[in-house]
Amino acid sequence: MEFGVFFELSVPRPFTRESESAAYFDALAQATLADELGFDNAWVVEHHFLEEYSHSSAPELFLTALAMQTERIGLCHGAVVCVPGVNHPVRIAERAAALDILSRGRLQLGTARSSTWTELGGFCNEPDITKVSWDEYVQAIPRMWTQDSFSFDGVSFRMPARNVIPKPVQKPHPPMWVAVTSPGTELEAAKRGLGCLGVSAQSFAAQERTVEKYREVIANCDPVGEVVTDKVHSMNYLFCHEDIGYASKVGRNFINRFSFLNTNQLWSREVFPSSAYRSLGNLAPGKSPGRSDPARSRPEDDPAKVKPLPEGVTIGDPEHIIAAIRKWESAGVDGINFLLSCVDAIPHEEVLESLRLFAKEVMPAFGKGRDDLKVGVKLEVA
């Protein structure tokens, strides 16, 4: 089981130059501490124009800054937008290789095609071609990394023969992943020999099905590169505190804020209906399995009722979190990447304390972490 930290770089309103700067430097401090504590990976998203939700429009710069102040943690794009107008594939390959050099071989490249009209429309891209462009990008980038002369004549881009330089440190090339937000994408990852990077919540049962299908397909894949990344990672929320009641209270606010902002982004798909993206109209109450009468309310829908935390959420005391991770492990997950806060739902200092407690009490249960933390040494971050 691998443990990672996951950053959206969200910024609460009202926006100021100071608040954006604080979001970046707090995240750098959190990721640096994660490196010192023994976390495996730091994942950073790429988004554009998504106010509050994510101000992470240049993840390669954040990851480079992180490379300069860490020693071992994986530096992971979660994920690069593989769409013309946003990123040219040559520039992705060049920047990624440079980051692999500067980090001494710690890069992992996640890929995605974006999911909102806010982003795609901002760059005047057509949603209907994003599947094609993503496929061409993931086919091309590994070849750019390994061939001294590369040319391409496709739908999303064309280029004459050139040597794309520099080349990455890792041989034959860094691991590659696909960000998975909807059912079926894991199979597209598996067919190409790419890692399955889950970036949305699933139940244990759904996760087991995802893993089973992924393993079945990737066993007979036609890899796009010379490295097969046979791993399934999931995303989760993390707040570890000795007082499970306090953890639940703070954690519920954290989840609610993220869910609200995330849902707002998903609905922007409806502005530009496209066969390339699943319509959210299919998720309306009356269209859902077993819910034929949308007007009929249910007791659990009472807005005044305090609901329990969702199944499998890693928020609580160390004992609760260990039990949740064990269940994800039994579902076949190879790694969990933890979102640490959202629009300051958890203050920075409490995020740091949560990471320290997780490393001291939870990691050893999975044979991970640093030995000096098991005896209570507290690491400080400036």
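Look up a bit, the structure's there.
The present account deals with the structure reproduced in this document. Because the structure is predicted, anything quoted here is derived from the model rather than measured.

Before going further, it helps to examine the overall build of the protein chain. Scanning the protein chain for helices and strands turns up ten helices and eleven strands. Residue pairs at least 24 apart in sequence account for 73% of intrachain contacts in the protein chain once pairs closer than 6 positions are excluded.

Turning to the layout of surface pockets, a few remarks are in order. Considered as a void within the structure, the second largest pocket measures approximately 230 Å³ in volume. As for the second largest pocket, its lining consists of 17 residues, and the residues nearest its centre are Ser10, Ala23, Gln30, Ser341 and Asp344. Listing elements by their share of the lining of the second largest pocket, those giving two or more residues are β1 (2-7) and α1 (17-37). At four residues, the largest contribution of residues to the lining of the second largest pocket is made by α1. Here the residues of the lining of the second largest pocket are counted per class, giving ten nonpolar, four polar and three charged.

Turning our eyes to something else, we now look at the packing of α1 against helix α2 (residues 59-68). Contact geometry of α1 with α2 gives a least axis separation of 10 Å together with a crossing angle of 45°. Put simply, α1 runs oblique to α2. Handedness of the crossing formed by α1 with α2: right-handed. For the pair α1 and α2, contact is made by Tyr24, Ala27, Leu28, Ala31 and Thr32 and by Phe62, Ala65 and Leu66, respectively. Here the residues of the contact of α1 with α2 are counted per class, giving seven nonpolar, one polar and no charged.

Our next topic: the nonpolar core. Core analysis: the largest hydrophobic core is formed by 101 residues, its most contacted members being Phe39, Met144, Ile325, Phe338, Leu355 and Phe358. When neighbours within four sequence positions are excluded, Phe39 is seen to be in contact with Phe3, Gly4, Val5, Ala34, Arg72, Ile73, Phe338, Leu355, Phe358 and Met363.

What α2 keeps buried is the set Pro59, Phe62, Leu63, Leu66 and Ala67. Buried residues of α2 fall within an arc of 140° about the axis and therefore sit on the same side. Exposed residues pointing more than 90 degrees away from the buried face of α2 are listed as Leu61 and Met68. In this structure, the buried side of α2 is in contact with α1, β2 (41-44), β3 (74-81) and α3 (89-102).

Moving on: the side chain of Thr116. Tracing the backbone shows Thr116 in the loop between β4 (107-112) and α4 (117-122). At 3.2 Å, the side chain of Thr116 forms a polar contact with the backbone nitrogen of Glu119.

On inspection of all chains with the given rule, the structure shows 17 aromatic pairs. A ring pair is formed by Phe39 and Phe358, whose centres lie 5.5 Å apart and whose planes are at 25°; its orientation type is stacked. With a gap of 319 residues between them, Phe39 in the loop between α1 and β2 and Phe358 in helix α10 (residues 348-362) connect regions that are remote in the sequence. Owing to a relative accessible area of 0%, Phe39 belongs among the buried residues under this scheme. Where Tyr237 meets Phe254, the ring centres are 5.3 Å apart and the plane angle is 90°; that geometry is what we call edge-to-face. Highlighted residues: Tyr237 in strand β9 (residues 232-240) and Phe254 in helix α8 (residues 244-267), separated in sequence by 17 residues. For Tyr237, a relative accessible area of 10% translates into the label buried. Every member of this aromatic cluster is reached through a ring pair, and the members are Phe3, Phe39, Phe338, Phe358 and Phe366.

With that out of the way, let us pick up the packing of α2 against α3. Between α2 and α3, whose axes approach to 9 Å, the crossing angle comes to 10°. One element, α2, and the other, α3, form an angle in the roughly parallel class. For the pair α2 and α3, the contacting residues are Glu60, Leu63, Thr64, Ala67 and Met68 in the first and Arg95, Leu99 and Leu102 in the second.

Before going further, it helps to spend a moment on empty space enclosed by the protein. Counted under the stated rule, the structure contains three cavities of 30 Å³ or more. Approximately 60 Å³ is the volume found for the largest cavity. Surrounding the largest cavity, Glu46, Pro59, Glu60, His77, Val80, Ile92, Arg95, Ala96 and Leu109 form its lining. Elements with a minimum of two residues in the lining of the largest cavity: α2, β3 and α3. Considering every element that reaches the lining of the largest cavity, the biggest residue donor is α3, with three residues.

Parameters and conventions
Within every chain, residues take consecutive numbers counted from 1 along the sequence as written. Whole-chain, interface and lining totals are the exception, using all residues; otherwise, since this is a predicted model, local features are given only for residues with pLDDT of at least 70 and side-chain atom pairs are given and counted only at 80 or more. For side-chain calculations, the full set of non-hydrogen atoms in the structure is used, while hydrogens and water are omitted. Helix numbers and strand numbers start at the N terminus; a helix is a DSSP run of H or I with at least 4 residues, a strand a run of E with at least 2. The contact rule is simple, with two residues in contact once any of their heavy atoms fall within 4.5 Å. Only protein atoms enter the 1 Å grid used here, on which a cavity is any set of points holding a 1.4 Å probe that cannot leave and a pocket is any open set flanked by protein within 12 Å on both sides along at least five of seven lines; residues with an atom within 4 Å of a point are listed as lining. Grid points are joined across faces, edges and corners, and a volume is the space filled by probe spheres set on the points. Charged means Asp, Glu, Lys or Arg here, nonpolar means Ala, Val, Leu, Ile, Met, Phe, Trp, Tyr, Cys or Pro, and polar covers whatever is left, Gly included. The convention used is that axes are lines fitted to C-alpha atoms, helices contributing only their stretch in contact, and that angles between N-to-C directions extend from 0 to 180 degrees. Orientation categories follow fixed angle ranges, with anything under 35 degrees roughly parallel, anything over 145 roughly antiparallel, 65 to 115 roughly perpendicular, and all other angles oblique. Left-handed describes a crossing whose near helix is turned anticlockwise from the far helix by less than a right angle; the clockwise case is right-handed. As used in this record, nonpolar core signifies buried Ala, Val, Leu, Ile, Met, Phe, Trp, Tyr and Cys residues forming a set joined through side-chain atoms within 4.5 Å. The buried label goes to any residue with under 20% of its type's maximum accessible area, the exposed label to any with over 50%, and the partly exposed label to all in between, with areas taken from a 1.4 Å probe on protein chains only. Our arc is simply the arc of the directions from the helix axis toward the C-beta atoms. In the analysis that follows, any N or O atom pair within 3.5 Å is treated as a polar contact, provided that within protein one partner can donate a hydrogen and the other can accept it, and provided that, for residues neighboring in sequence, both atoms belong to side chains. Under the pairing criterion, centres of Phe, Tyr and Trp rings, with the six-membered ring standing for Trp, must be within 6.5 Å; the plane angle then separates stacked pairs below 30 degrees from edge-to-face pairs above 60, leaving the rest tilted.

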